[in-house]
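Given next are the chains, with one letter for each unit.
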Protein chains: 2
Amino acid sequence: MEKLKSLERLEEALSRLPGVGKRSAERMAYAMLDFSDEDLAEIGDAIKEIKTNIKRCKVCGMITEEEECSICTDSDRDESLLMIVSYPKDVFTIEKSESFKGKYHILNGEISLGKGMHTEHLNIPSLLERLNKGKVKEIIIATSPTVDGETTALYLAKILESYKINVTRLAYGLQMGGNLDYVDPLTLSKALEGRHKL
Amino acid sequence: MEKLKSLERLEEALSRLPGVGKRSAERMAYAMLDFSDEDLAEIGDAIKEIKTNIKRCKVCGMITEEEECSICTDSDRDESLLMIVSYPKDVFTIEKSESFKGKYHILNGEISLGKGMHTEHLNIPSLLERLNKGKVKEIIIATSPTVDGETTALYLAKILESYKINVTRLAYGLQMGGNLDYVDPLTLSKALEGRHKL
């Protein structure tokens, strides 16, 4: 029996989501046949409109619905301490550990030869602009402990050499080869304590 | 840090899908921030439009994009043999096994006190209409071996008593390729009851 075109189209679309294989896309598609029209419209629109109201903070590159993100505008946070992360989701992960009260800078990517990501694709010009204001005393590089994350960290360490700034890297309490998404808050706060000079 | 409203809305929407928990909805939502507008539109529309072209076959209740499904219109299939299943997805599952060449009837539900599904919600009137034509000689009840599936099977067996039709139920037993270690006691006792000569 041929599969219906509408179902095939939906399964193909769903299987583009991370962690969704052919089998789970199929299960989701069948389940959606029993959803109300209102539910389908709500899910569909939430997806279509996810980027509509989301911009990048003009200071740090974080995702935000305002001009500047809520961390950049928070005067209670220590602006002499700057943590550099690869992706916006990393900020949410670190914030959950409640172990960091400085500010962030988001590269929005990592150097990756495989994915064709080069240094010019990273949010670095606005980083140097921030540093030139002279308020940052320490930079913590918190890219993932993966090949791409390490490459990016080393590249950053090199271009930051000319600044009179203490540059550190999160301690290797992190699991090598792991993904920052899956670090538990305790490990993360230990890694923060044990950070070392690059 | 507060989570962005757009992200929260998307995560809530995604977590309505089967098998998608809070954590995977979050991962999907973040990943979608990097999707192109075209990809987001395609996924969103595939969801919103899934029911637009899909109707129920007027003969068997299967999902179809035509008036009658491709199995009901297939004259090569044995119309004296009818398999009753609970959901359209069950038809796809059974078709994959390539072990059945009769026709189907889809109840589009199972009797479930918990879910408020009663006999009048099932696609039974059109089943009786088919049986009254006198061509069906055997009915195989293939509802799931769950409480709701069994209840439905017993109910069907009862209303089919007045027809001169052989009514059977799929056998219970060990899963092919499975390990005896993992068989639950109830299945094992059913497999023992249904043992056959080698």
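Residues numbered from 1 in each chain as written. Chains lettered and ligands numbered in written order. Predicted model: local features only at pLDDT ≥ 70, side-chain atom pairs only at ≥ 80, totals over all residues. Heavy atoms only, no water.

A short note on the overall build of chain A
When its secondary structure is counted, chain A shows seven helices and seven strands. Each helix and strand of chain A, ordered N terminal to C terminal, gives the series α-α-α-β-β-β-α-β-α-β-α-β-α-β. Summarising its shape, the C-alpha atoms of chain A cover approximately 70 × 35 × 35 Å along the three principal directions. Buried residues in chain A amount to 49% of all 198 residues. (Helix = DSSP H or I, 4+ residues; strand = E, 2+ residues; numbered from the N terminus. Buried < 20%, exposed > 50% of the residue type's maximum accessible area, 1.4 Å probe, protein only.)

Some thoughts on helix 3 (residues 37-48) of chain A
One full turn of an α-helix is made of 3.6 residues, so residues set three or four places apart face in the same direction. Counted at 1.5 Å a residue, the expected span for helix 3 of chain A with its twelve residues is 16 Å, and the 16 Å between its end C-alpha atoms agrees. All buried positions along helix 3 of chain A are accounted for by L40, I43, G44, D45, A46 and I47 of chain A. As for helix 3 of chain A, its buried residues are in contact with helix 2 (22-32) of chain A together with helix 1 (5-14), helix 2 (22-32) and helix 3 (37-48) of chain B. (Expected span 1.5 Å × (residues − 1). Contact = heavy atoms within 4.5 Å.)

Comments concerning a nonpolar patch on the surface
The grouping of L174, L180 and L188 of chain B at the surface amounts to a nonpolar patch, some 270 Å² of accessible area in total. By the secondary structure assignment, L188 of chain B is in helix 7 (residues 185-193). (Patch = residues over 30% accessible without salt bridge, like charges linked within 9 Å, V, L, I, M, F, W, Y side chains within 5 Å. Areas by Shrake-Rupley, 256 points an atom, 1.4 Å probe, with all protein chains shown as cover. Salt bridge = Lys/Arg side-chain N within 4 Å of Asp/Glu carboxyl O.)

Focus: the interface of chain A and chain B
Taken together, the contact between chain A and chain B spans 55 residues of the former and 55 residues of the latter. The contact between chain A and chain B buries some 5400 Å² in all, and 66% of this surface belongs to carbon and sulfur atoms. By the criterion of area lost to chain B, the three top residues of chain A are M1, R9 and I47 of chain A, representing 13% of everything that side buries. The interface formed by chain A and chain B contains twelve salt bridges. Residues K51 of chain A and D37 of chain B are paired through a salt bridge, measuring 3.6 Å at the closest nitrogen-oxygen approach. Seen at the junction of chain A and chain B, the total is 14 residue pairs in polar contact (both at pLDDT 80 or more). At the level of secondary structure, the elements contributing two or more residues to the side of chain A that touches chain B comprise helix 1 (5-14), helix 2, helix 3, strand 2 (63-64) and helix 4 (88-97) of chain A. With eleven residues, helix 3 of chain A is the largest single contributor of residues to the side of chain A that touches chain B. Split by residue class, the side of chain A that touches chain B holds 28 nonpolar, six polar and 21 charged. (Buried area = accessible area lost by both parts, 1.4 Å probe. Polar contact = N/O pair within 3.5 Å; in protein donor to acceptor, adjacent residues only side chain to side chain. Nonpolar A, V, L, I, M, F, W, Y, C, P; charged D, E, K, R; others polar.)

A closer look at the pairing of strand 4 (residues 102-106) of chain A
Residues and elements named next belong to chain A. Judged by how many residues are buried, strand 4 sits mostly within the fold: five of five residues are covered. With five bridges connecting them, strand 3 (residues 78-85) and strand 4 associate as parallel partners. Directly across from L82, in strand 4, lies its bridge partner K103. Handedness of the crossover joining strand 3 and strand 4 through helix 4 is recorded here as right-handed. (Pairing = 2+ DSSP bridges. Right-handed = clockwise from strand over helix to strand, strands pointing away.)

With respect to the packing of helix 1 of chain A against helix 3 of chain B
It is at 9 Å that the axes of helix 1 of chain A and helix 3 of chain B come closest, and there the two elements cross at 140°. With respect to each other, helix 1 of chain A and helix 3 of chain B are oriented oblique. Where helix 1 of chain A crosses over helix 3 of chain B, the two elements pack in a sense that is left-handed. Packed against helix 1 of chain A, whose contacting residues are R9, L10, A13 and L14 of chain A, the element helix 3 of chain B presents E42, I43, D45, A46 and I47 of chain B at the interface. Split into classes, the residues belonging to the contact of helix 1 of chain A with helix 3 of chain B amount to six nonpolar, no polar and three charged. (Axes fitted to C-alpha atoms, helices over the stretch in contact; angles between N-to-C directions. Parallel < 35°, antiparallel > 145°, perpendicular 65-115°, else oblique. Left-handed = near helix turned anticlockwise from the far one by under 90°.)

Side note on the pattern of salt bridges
According to the stated counting rule, one finds 22 salt bridges over all chains in the structure shown. Across the salt bridge formed by E26 of chain A and K96 of chain B, the nearest N and O atoms sit 3.5 Å from each other. Note that E26 of chain A is positioned in helix 2 and K96 of chain B in helix 4 (residues 88-97), a pairing that runs across two chains. You can call E26 of chain A buried: its relative accessible area is 7%. For the salt bridge of D45 of chain B with K48 of chain A, the shortest nitrogen-to-oxygen distance reads 2.6 Å. Placement of D45 of chain B in helix 3 and of K48 of chain A in helix 3 is noted, with the two residues assigned to different chains. Given a relative accessible area of 31%, K48 of chain A falls into the partly exposed group. What emerges from the salt-bridge pattern is a single network uniting R9 of chain A together with E42 and E49 of chain B.

A few points about the confidence of the model for chain A
Residues and elements named next belong to chain A. Mean pLDDT over chain A stands at 89; residues scoring 70 or higher make up 95%. The lowest-confidence element of chain A is strand 7 (residues 196-197), averaging 70 in pLDDT; the highest-confidence one is strand 4, averaging 97. The ipTM assigned to the predicted complex is 0.72, against a pTM of 0.70. (pLDDT = per-residue confidence, 0-100.)

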